[in-house]
Amino acid sequence: MPPTPTDEERRLARLVAGHERWRGRGVFNLLPSENALSPIARRYLASDLAGRYTLPLDLDDGGDHLDNSYAGTRFTDRIEALANAAAARLFHGRFATTRPLSGHIAAMAALAPLVPRGGKILAIRPEEGGYDGYAPGYLPALFGLTVRPLPADGPGRTVRAEAAVAEIRRERPDAVVLGQSFFLFPYPLREIAEEAHAHGALVLYDASHVLGLIAGGVFQDPLREGADVLYGSTHKSFPGPQGGLLVTDREDLFRQVDPALVWRVLDNAHWNRIAGLAQTLLELERVGPEYARTVVANSRALGAALAERTFPLVAADEGYSASHQLLLDTAELRRRHGVGSGPLARRWEASRLITDLVGRLGTAEATRLGLRPEEMPRLASLLERAGLRRERVGREVLAWRREFPRLRFA
Ligand SMILES: Cc1ncc(COP(=O)(O)O)c(C=O)c1O
């Protein structure tokens, strides 16, 4: 007879099932940091790979040459090689690793070997929409780096080439880190890279938010436009399992990054995740362009529909967004409607509309569910009724959500 589960085990089962019903099937998820995983990738996450190790290493650094520390890895290693090859193809570099466990860890994998201790990086400040991890107390402190601000005109605004170039000339950094958490428009990458390279600085492109758009050939093509290394999360606009990857076209850089990754930044790399990621990379090779184009079209359509309903948005004069994100102008929101982005998000949550509390809205997961630009006025109307008129529209949202039972682009 199977052992009887304890009360705590039953409670846990109920919590997991409750989450699945709620976030998996019961809401529209408009968080730009999240996405919906394709069914095959999800199956691979739960496969036997979830408990296995492999360590294929090419230690030609003076240590004993070692093929693999583990036996039994004949499939695991080929899965990893397949994932790396797909990542290299999709992001236009010759070298790729899918081992980073997240976008943050991919950033560590790049910074640790490529920027010397005591060196200097330029990065966009969190106040201007940059990633908190690049603020002085975090990754720079960990690696003994100085960080100076790369000028930006406020969250979501385009980085201007002249200002960035002037700052690179003045600061002479070892690396320029591009990439933002509030990320609406591409960078003038060619101009930035030209100036950085003229001073011997590397250009590191953190594509955490926009990786799925880059995979689909929209937004920008960082490695072809001058970035030396591209890295980021694989679960925001890119609809893979939570994780990270890193791609470069430069063998000299990859030969520094790859050996330093294992044992400096991580040991086991979660090969079930890598199998799920490989599946998503292969899916996007087929459907990425249509997926990415629809995500951006949905952002623009939702932006216009929200603006019509008196929501103030950043970059209204530039078509709202060229990415999967929209950004509420929180100061104007408070002035116009007397509510901050936090309380607004709570009102939406009570009506099964999930966003973050800092004023970002994302269209990636809704696009995977099958929503198209024609549906954005209806979504905006629900956001208005729940957020500004304080109506409870949860039942209506749930009924509409049930019309999208199967993922698209998967
Ligand atoms: C620009 C940027 N880089 C890195 C990260 C970290 O990503 P992860 O959560 O995958 O570690 C984030 C997370 O939001 C981000 O916005």
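Our subject is the structure that appears above.
In this text the structure is predicted, and so the values were computed from the model without any measurement. Within each chain, residue numbers correspond to sequence positions counted from 1 in written order. Per-residue local features of the predicted model are confined to residues with pLDDT of at least 70, and side-chain atom pairs are confined, for both listing and counting, to 80 or more; whole-chain, interface and lining totals are unaffected and use all residues. The side-chain quantities take in all heavy atoms of the structure and omit both hydrogens and water.

## Examining the packing of aromatic side chains
- Any two rings among Phe, Tyr and Trp, with Trp reduced to its six-membered ring, count as a pair given centres within 6.5 Å; such a pair is stacked if its planes are under 30 degrees apart, edge-to-face if over 60, and tilted if neither. One pass over the structure, following the stated rule, counts 12 aromatic pairs.
- Taking the centre distance of 5.1 Å and the plane angle of 15° together, the rings of Tyr53 and Tyr70 count as stacked. Residue Tyr53 is found in the loop between helix H2 (39–45) and helix H3 (74–91), and its partner Tyr70 is found in the loop between H2 and H3; the two are separated by 17 residues along the sequence.
- Plain terms: the ring middles of Trp400 and Phe404 are 6.1 Å apart, the flat faces sit at 75° to each other, and that makes the pair edge-to-face.
- Joined through ring pairs, the aromatic side chains of Phe183, Tyr187, Tyr205 and Phe219 make up one cluster.
- Note that Arg360 overlies the ring of Phe182, its terminal NZ or CZ placed 5.1 Å from the centroid. Strands here mean DSSP runs of E at least two residues long; helices mean DSSP runs of H or I at least four residues long; both are numbered from the N terminus. Geometrically, a lysine NZ or arginine CZ counts as sitting over a ring once it is within 6 Å of the ring centre and also within 35 degrees of the ring normal.

## A few points about the pairing of strand E7 (residues 229–233)
- Type-normalised accessible area, obtained with a 1.4 Å probe on protein chains alone, sets the label of each residue: buried when under 20%, exposed when over 50%, and partly exposed for intermediate values. Burial analysis of E7 places five of its five residues in the buried class, the great majority of the element.
- Two strands form a pair only when DSSP identifies at least two bridges running between them. Inspection of the sheet shows strand E6 (residues 202–206) paired to E7 by three bridges, in the parallel sense. Paired with Tyr205 across the bridge in E7 is Leu230.
- Where E7 and strand E8 (residues 244–248) come together, five bridges link them in antiparallel fashion. Its bridge partner lying in E8, Gly232 is registered against Leu245.

## Observations concerning the sheet that holds strand E5 (residues 175–178)
- Ordered by their spatial adjacency, seven strands build an open sheet running E2-E8-E7-E6-E5-E3-E4, and the pairing between neighbours is mixed. Pairing within the sheet leaves two strands with one partner each, and these edge strands are strand E2 (95–97) and strand E4 (146–149). For this sheet, the mean inter-axis angle between neighbouring strands, taken without regard to orientation, is 20°.
- It only takes one pair of heavy atoms within 4.5 Å for two residues to be counted as in contact. Axis angles are defined between N-to-C directions and span 0 to 180 degrees, where every axis is a line fitted to C-alpha atoms and, for a helix, only to the segment in contact. Set on the sheet, helix H7 (residues 189–198) makes contact with E5 and E6; between it and E6 the angle comes to about 145°.

## Points about the side chain of Asp228
- You can see Asp228 is positioned in the loop between helix H8 (211–215) and E7.
- For Asp228, a relative accessible area of 6% puts it in the buried group.
- One polar contact links Asp228 to His197, side chain to side chain, over a distance of 2.8 Å.
- Identification of polar contacts relies on pairs of N or O atoms within 3.5 Å, with a donor-acceptor requirement for protein atoms, meaning one able to donate a hydrogen and the other able to accept it, and with residues adjacent in sequence counted only if both atoms are side-chain atoms. Here Val203 takes part through its backbone nitrogen, which lies 2.7 Å from a polar atom of the side chain of Asp228.
- Discounting residues that sit within four places of it in the chain, Asp228 has contacts with His197, Ala201, Leu202, Val203, Leu223, Thr248, Asp249, Arg250 and Leu253.

Distances and angles like these do not, on their own, reveal function.
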